[in-house]
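Structure assessment
Given next are the chains, with one letter for each unit.
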Amino acid sequence: MNLPPIVLVTGTDTGVGKTITTAALAALLHVTGRSVGVYKPCQSGAADGDSDAAEIVRLAGVTAEAGVVLQEPMAPVAAAAHDGMPLPALASHAERIRELAASHDHVLVEGAGGLLVELDSDGGTLADLGSLLTAAFVVVTRPGLGTLNHTALTLEALSARGLDVLGTVLGSWPVSPGAVHHSNRQVLRKLRVPLLGALPEQASELSPADFRAGAAAWLNGVRA
């Protein structure tokens, strides 16, 4: 599966491995000579030192930026209210992504939390951003118990909106997987969209060189 110019990376929940998956996709493209820009519409948790853009830059060696940076580790609307900061309109994010697409072969857009988390004060979500951009999605999911329902719900929401899904990725595959992990992986392989790969749970602890070298093997369902 070849990646289109704009790819939105969403997840079945928060903490499922969206940032690491975005970094691995970026690394895979970058090592083949593609120019890659990464955009995060809303970054929260800055007060705790969270910066998904900085982590992607470190691991993948590509440019990355956030549309708005919020202090508290909360959903964007709540975090913005806490900071007393207005959120950019969804159309502003779309405009910046189009600008990046004009100067890069690929733009990867990492969502906040899950697909339907609100990104602006008008209720706009990553799904709505995908509609504005006519972009395709990668869905990052957990390997453990509950993931099949969460994945099915996310895929159903995307399908109901007529949005294209490139496939799913297991964002954090355990070092010692159990029966439930192997079973879930088998089921995910049989969904209507392909399973593009699985990232090891310790991937972010690797050196940037090792991370970039491993990306192609982890995401063996993606062709750069």
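Overview of the structure. (Residues numbered from 1 in each chain as written. Predicted model: local features only at pLDDT ≥ 70, side-chain atom pairs only at ≥ 80, totals over all residues. Heavy atoms only, no water.)

**Quick notes on the side chain of T125**
- Inspection of the secondary structure assignment puts T125 in the loop between β4 (106-110) and α5 (126-133).
- Within the structure, T125 has its side chain in polar contact with the backbone nitrogen of A127 (distance 3.2 Å).
- Not counting the four nearest positions on each side in its chain, T125 is found in contact with L90, L115, L116, V117, E118 and L119. (Helix = DSSP H or I, 4+ residues; strand = E, 2+ residues; numbered from the N terminus. Polar contact = N/O pair within 3.5 Å; in protein donor to acceptor, adjacent residues only side chain to side chain. Contact = heavy atoms within 4.5 Å.)

**Remarks on helix α6 (residues 147-160)**
- Its 14 residues give α6 an end-to-end C-alpha distance of 20 Å, which sits within 8% of 20 Å, the value for a rise of 1.5 Å per residue.
- Looking only at α6, the buried set comprises T147, T151, T154, L155, A157 and L158. Buried positions in α6, seen along its axis, are confined to an arc of 155 degrees and lie on one side of it. Exposed residues on α6 whose side chains face more than 90 degrees from its buried face are E156 and A160.
- Where α6 is buried, its residues touch β1 (6-11), β5 (136-141), β6 (165-173) and α7 (179-189).
- Backbone geometry just downstream of α6 places G162 in the positive-phi region, at approximately 70 degrees. (Expected span 1.5 Å × (residues − 1). Buried < 20%, exposed > 50% of the residue type's maximum accessible area, 1.4 Å probe, protein only. Arc of directions from axis to C-beta.)

**A word on the nonpolar core**
- In this structure, L3, L108, F211, L219 and V222 are the most contacted members of the largest nonpolar core, which totals 33 residues.
- Put simply, the parts of the chain that give this core at least two residues each are β1, α1 (18-30), β2 (36-43), α2 (52-60), β5, β6, β7 (195-200) and α8 (208-218).
- Discounting residues that sit within four places of it in the chain, L3 has contacts with L25, L29, H106, L166, V222 and R223.
- Residues A79, L100, A127 and A135 belong to the second largest nonpolar core, which totals 31 residues. (Core = buried A, V, L, I, M, F, W, Y, C linked by side-chain atoms within 4.5 Å.)

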